Amino acid sequence: MKKATSVPGGIPSNFMGQSPLWYKQVILGFLVLNPLLVITVGPVATGWILILQFIFTLAMALKCYPLIPGGLLAIEAVFLGLTSSKHVYHEISENLEVILLLIFMVAGVYFMKNLLLMIFTKILLSVRSKIMLSLLFCFAAAFLSAFLDALTVTAVIISICVGFYGIYHRFASGKLLQDTDHDHSLDHHVKEHHHEDLEHFRGFLRNLLMHAAVGTALGGVMTIVGEPQNLLIATKVNWSFAEFFIRMTPVTLPVFAAGLLTCYAVERFKILDYGHQLPSAVRTQLEAFEKTATAERSFEDKASLAMQGVVALWLIFALAFHLAAVGIIGLSVIVFACAFTGVTDEHHIGEAFTEALPFTALLGIFFAIVAVINDQQLFAPIIAAALALDGNAQVVSFYIANGVLSAISDNVFVATVYINEVVDAFDAGTITLAQRDLITVAINTGTNIPSVATPNGQAAFLFLLTSSVAPLVRLSYMKMVLLALPYTIVMSITGFAMCLWLLVPATNAMKESGMISASVPPGVQTQQGH
């Protein structure tokens, strides 16, 4: 791009920085077009077009961080009256727990990265089979997400992969392992004969990241703490941790098995971009790093690792027993980790927040788009059509509708809208208790399983796309969609089949055996028609 020769010429040059000129022109075109659309086709149609525009900015995340173009579109939507600043604030305040999680929990994980890097380096070096390693990453992410939460697990995996990448990139650039000032986002100094290994290593890390990301969805759907909307759903229908888990099993356990089989198949048969192996040169450097790090580890370093382990146990305990909101627990992790590992200067502490804060700001823009969806009632016709159906068709339609809408918008919002409508229909006597329970399972599984199709469908996927590791391993929006495709197809079809054929008989069998309650929840026993 040519340098500006005047102050007025510098304005278009500065607009969206180093983004391609055509992309700048497209965003300006959107901003000019939207007011005309409101006048000509109305706010509802404009709302749907705005969603597509915002998804486009997410797809172009590697060209320009979506906060900027997406933010411009969201601010314009407020000025056009598609929503209001009060409603945007309401959406953000309703999701404060998620925001606190991003700010504090992700930063807390940063102070345990040395322990995590050591553990996963040992795993990576000891498990030589790529298939076994992929299954291990997928299973571990699923297990942790079921009892912790998907965003925290994703932050851990991102931290690990950035650490692995930095180790080899320093070597490939002719730097020492101890060179902490090396910028591994630039390939200018990478030696020519290392380029091929570096590309294979990027592919290897892309594979592991996607397996882990899908694992967070497989585990997150199972429990009330796995995803933010799960807790909301369970609260609305008065289900405990155990009842929620049991009621979901007719769908979630077959989908979990299908997900692991898909993980095996894509690696075994090298489907799409899967099957990248760890280059021997990279393994050599990781082994050298491990050997050097072990030899040079001082007593202070060992004490720091031990205390990081203690803090990790505190994290698991506090989350498992829900001692506080997830973000508050994350804040306690920061305090404990800094206090017992010797981190006391403001600059070092500040580095922990650089990963999550840009995404937190982007999430604020995301909630502004959600406010538009809510104010314009964009999903209302779909909900009404689903409630008009009967029997299995009703359950399956809710699964499909939640899956499709979650993939194009946000699964937390979709679940919120749908569960509120279903509970209102139950309270009004429109549907029975049995129908409500079955639809609730369809809503939860629909918002969690098919939504792996796109990065914006799952918060963990969007976090991965906009994280620092994505440009390092060349993980773009469309690359994520492509890599998720085998999982999307297999998991979505499995979930659909279970909702269609297994959910009703399995639920009835569980009621007969006493595993779940068949009684009306407190507060609605006197209602008629139930």
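First things first, this report covers the structure right here in the doc. (Residues numbered from 1 in each chain as written. Predicted model: local features only at pLDDT ≥ 70, side-chain atom pairs only at ≥ 80, totals over all residues. Heavy atoms only, no water.)

### Thoughts on the overall build of the chain
Phase 1 of the analysis: A tally of helices and strands in the chain yields 24 helices and 0 strands.
Phase 2 of the analysis: Its C-alpha atoms put the chain at 75 × 65 × 45 Å along the principal axes.
Phase 3 of the analysis: In the chain, which comprises 530 residues, the proportion classed as buried is 54%.
Phase 4 of the analysis: Restricting to contacts in the chain with at least 6 residues of sequence separation, those with at least 24 account for 77%.
Phase 5 of the analysis: Surface exposure of the chain reaches about 22600 Å², of which carbon and sulfur atoms provide 68%.
Phase 6 of the analysis: Placing the 26 positive and 34 negative side-chain charges of the chain at their respective mean positions leaves the two points 9 Å apart. (Helix = DSSP H or I, 4+ residues; strand = E, 2+ residues; numbered from the N terminus. Buried < 20%, exposed > 50% of the residue type's maximum accessible area, 1.4 Å probe, protein only. Contact = heavy atoms within 4.5 Å. Areas by Shrake-Rupley, 256 points an atom, 1.4 Å probe, with all protein chains shown as cover. Lys, Arg positive; Asp, Glu negative; His and termini not counted. Charge placed at Lys NZ, Arg CZ, Asp CG, Glu CD.)

### Comments concerning the packing of aromatic side chains
Phase 1 of the analysis: Considering all chains together, one arrives at 13 aromatic pairs under this definition.
Phase 2 of the analysis: Taking the centre distance of 5.6 Å and the plane angle of 85 degrees together, the rings of Phe398 and Tyr418 count as edge-to-face. Here the residue Phe398 occupies a position in helix 19 (residues 391-408), and Tyr418 occupies one in helix 20 (residues 411-427), the gap between them amounting to 20 residues. For the pair shown, Phe398 and Tyr418 are each scored as buried.
Phase 3 of the analysis: A cation over a ring is seen here: Arg436 above Phe426, with NZ or CZ 5.1 Å from the ring centre. (Phe/Tyr/Trp six-rings, centres within 6.5 Å; stacked < 30°, edge-to-face > 60°. Lys NZ or Arg CZ within 6 Å of the ring centre and 35° of its normal.)

### Some thoughts on the environment of Met105
Phase 1 of the analysis: Along the chain, Met105 falls in helix 6 (residues 96-110).
Phase 2 of the analysis: You can call Met105 buried: its relative accessible area is 1%.
Phase 3 of the analysis: For the pair Met105 and Gly429, spaced 324 residues apart in the sequence, the C-alpha separation amounts to 42 Å.
Phase 4 of the analysis: The contacts of Met105, once residues within four sequence positions are left out, are Leu100, Thr152, Leu315, Leu319, Val326, Ile329 and Gly330.

### Some remarks on the nonpolar core
Phase 1 of the analysis: One finds Phe164 and Ile443 to be the most contacted residues of the largest nonpolar core, which totals 165 residues.
Phase 2 of the analysis: The element best represented in this core is helix 9 (residues 150-172), accounting for 15 residues.
Phase 3 of the analysis: Other than its neighbours up to four places away in sequence, Ile443 contacts Ile233, Phe398, Asn402, Ala415, Tyr418, Ile419 and Val422. (Core = buried A, V, L, I, M, F, W, Y, C linked by side-chain atoms within 4.5 Å.)

### Section: the side chain of Lys130
Phase 1 of the analysis: Along the chain, Lys130 turns up in helix 8 (residues 130-147).
Phase 2 of the analysis: Here Lys130 falls in the buried class, since its relative accessible area comes to 4%.
Phase 3 of the analysis: Side chain to side chain, Lys130 and Asn207 meet in a polar contact 3.0 Å long.
Phase 4 of the analysis: If sequence neighbours within four positions are ignored, Lys130 has contacts with Phe204, Asn207, Leu208, Glu267, Gly275, His276 and Gln277. (Polar contact = N/O pair within 3.5 Å; in protein donor to acceptor, adjacent residues only side chain to side chain.)

### Looking at a nonpolar patch on the surface
Phase 1 of the analysis: A contiguous nonpolar surface patch, about 690 Å² in accessible area, is contributed by Phe269, Ile271, Leu272, Leu482, Leu485, Ile489, Val490 and Ile493.
Phase 2 of the analysis: Here Leu482 is to be found in helix 24 (residues 477-513). (Patch = residues over 30% accessible without salt bridge, like charges linked within 9 Å, V, L, I, M, F, W, Y side chains within 5 Å. Salt bridge = Lys/Arg side-chain N within 4 Å of Asp/Glu carboxyl O.)

### Re the environment of Ala288
Phase 1 of the analysis: In this structure, Ala288 sits in helix 13 (residues 280-295).
Phase 2 of the analysis: It is 9.9 Å that separates the C-alpha atoms of Ala288 and Ile167, two residues lying 121 residues apart in sequence.

### A closer look at the pattern of salt bridges
Phase 1 of the analysis: One pass over the full model with this rule turns up 9 salt bridges.
Phase 2 of the analysis: Among the charged side chains, a network of salt bridges with common partners joins Glu243, Arg247, Arg436 and Asp437.

### A closer look at the packing of helix 20 against helix 21 (residues 433-448)
Phase 1 of the analysis: Close contact between helix 20 and helix 21 brings their axes to 10 Å; oriented N to C, the two are set at 175 degrees. Judged on the interaxial angle alone, helix 21 and helix 20 are roughly antiparallel. When helix 20 is examined against helix 21, the residues Asn411, Val414, Ala415, Tyr418, Ile419, Val422 and Phe426 are found in contact with a partner set consisting of Leu433, Arg436, Ile439, Thr440, Ile443, Thr447 and Asn448.
Phase 2 of the analysis: Residue composition of the contact of helix 20 with helix 21, by class: 9 nonpolar, 4 polar and 1 charged. (Axes fitted to C-alpha atoms, helices over the stretch in contact; angles between N-to-C directions. Parallel < 35°, antiparallel > 145°, perpendicular 65-115°, else oblique. Nonpolar A, V, L, I, M, F, W, Y, C, P; charged D, E, K, R; others polar.)

### Thoughts on unusual backbone geometry
Phase 1 of the analysis: At Asn238, a position not held by glycine, the phi torsion is positive, near 60 degrees.
Phase 2 of the analysis: As for its placement among the helices and strands, Asn238 is situated in the loop between helix 11 (228-237) and helix 12 (241-268).
Phase 3 of the analysis: Overall, the relative accessible area of 47% leaves Asn238 in the partly exposed class.
Phase 4 of the analysis: In this model, Leu272 sits at a positive phi of 55 degrees, which is unusual for a non-glycine residue.
Phase 5 of the analysis: Take Leu272: it is sitting in the loop between helix 12 and helix 13.

### Considerations on helix 3 (residues 43-59)
Phase 1 of the analysis: Taking 1.5 Å of rise per residue, the 17 residues of helix 3 would be expected to cover 24 Å, and the 24 Å separating its terminal C-alpha atoms lies within 8% of that figure.
Phase 2 of the analysis: All of the buried residues along helix 3 are Thr46, Gly47, Leu50, Ile51, Gln53, Phe54, Ile55, Thr57 and Leu58.
Phase 3 of the analysis: Check the buried side of helix 3 and you find it contacts helix 2 (21-40), helix 4 (67-79), helix 17 (357-375), helix 19, helix 22 (459-465) and helix 24. (Expected span 1.5 Å × (residues − 1).)

### Considerations on helix 15 (residues 326-341)
Phase 1 of the analysis: Over its 16 residues, helix 15 extends 22 Å from the first C-alpha to the last, a length consistent with the 22 Å expected when each residue adds 1.5 Å.
Phase 2 of the analysis: All of the buried residues along helix 15 are Val326, Gly327, Ile329, Gly330, Ser332, Val333, Ile334, Ala337 and Cys338.
Phase 3 of the analysis: Next to the buried residues of helix 15 lie helix 6, helix 14 (299-320) and helix 16 (346-351).
Phase 4 of the analysis: Downstream of helix 15 by one or two residues, Gly342 has phi in the positive range, about 85 degrees.

### Thoughts on the side chain of Asn444
Phase 1 of the analysis: Structurally, the position occupied by Asn444 is in helix 21.
Phase 2 of the analysis: The exposure class of Asn444 is buried, given its relative accessible area of 0%.
Phase 3 of the analysis: Here Asn444 is in contact with Val221, Asn230, Ile233, Phe244 and Met248, once residues within four sequence places are set aside.

### Overview of the packing of helix 11 against helix 20
Phase 1 of the analysis: Put simply, helix 11 and helix 20 touch, their axes get as near as 9 Å, and they point 10 degrees apart. When the axis of helix 11 is compared with that of helix 20, the two are roughly parallel. Of helix 20, the residues touching helix 11 (which contributes Pro228, Gln229, Leu232, Ile233, Lys236 and Val237) are Asn411, Val412, Ala415, Thr416, Ile419, Asn420 and Val423.
Phase 2 of the analysis: Residues belonging to the contact of helix 11 with helix 20 are distributed by class as follows: 8 nonpolar, 4 polar and 1 charged.

Keep in mind that these numbers describe shape and distance, not what the molecule does.
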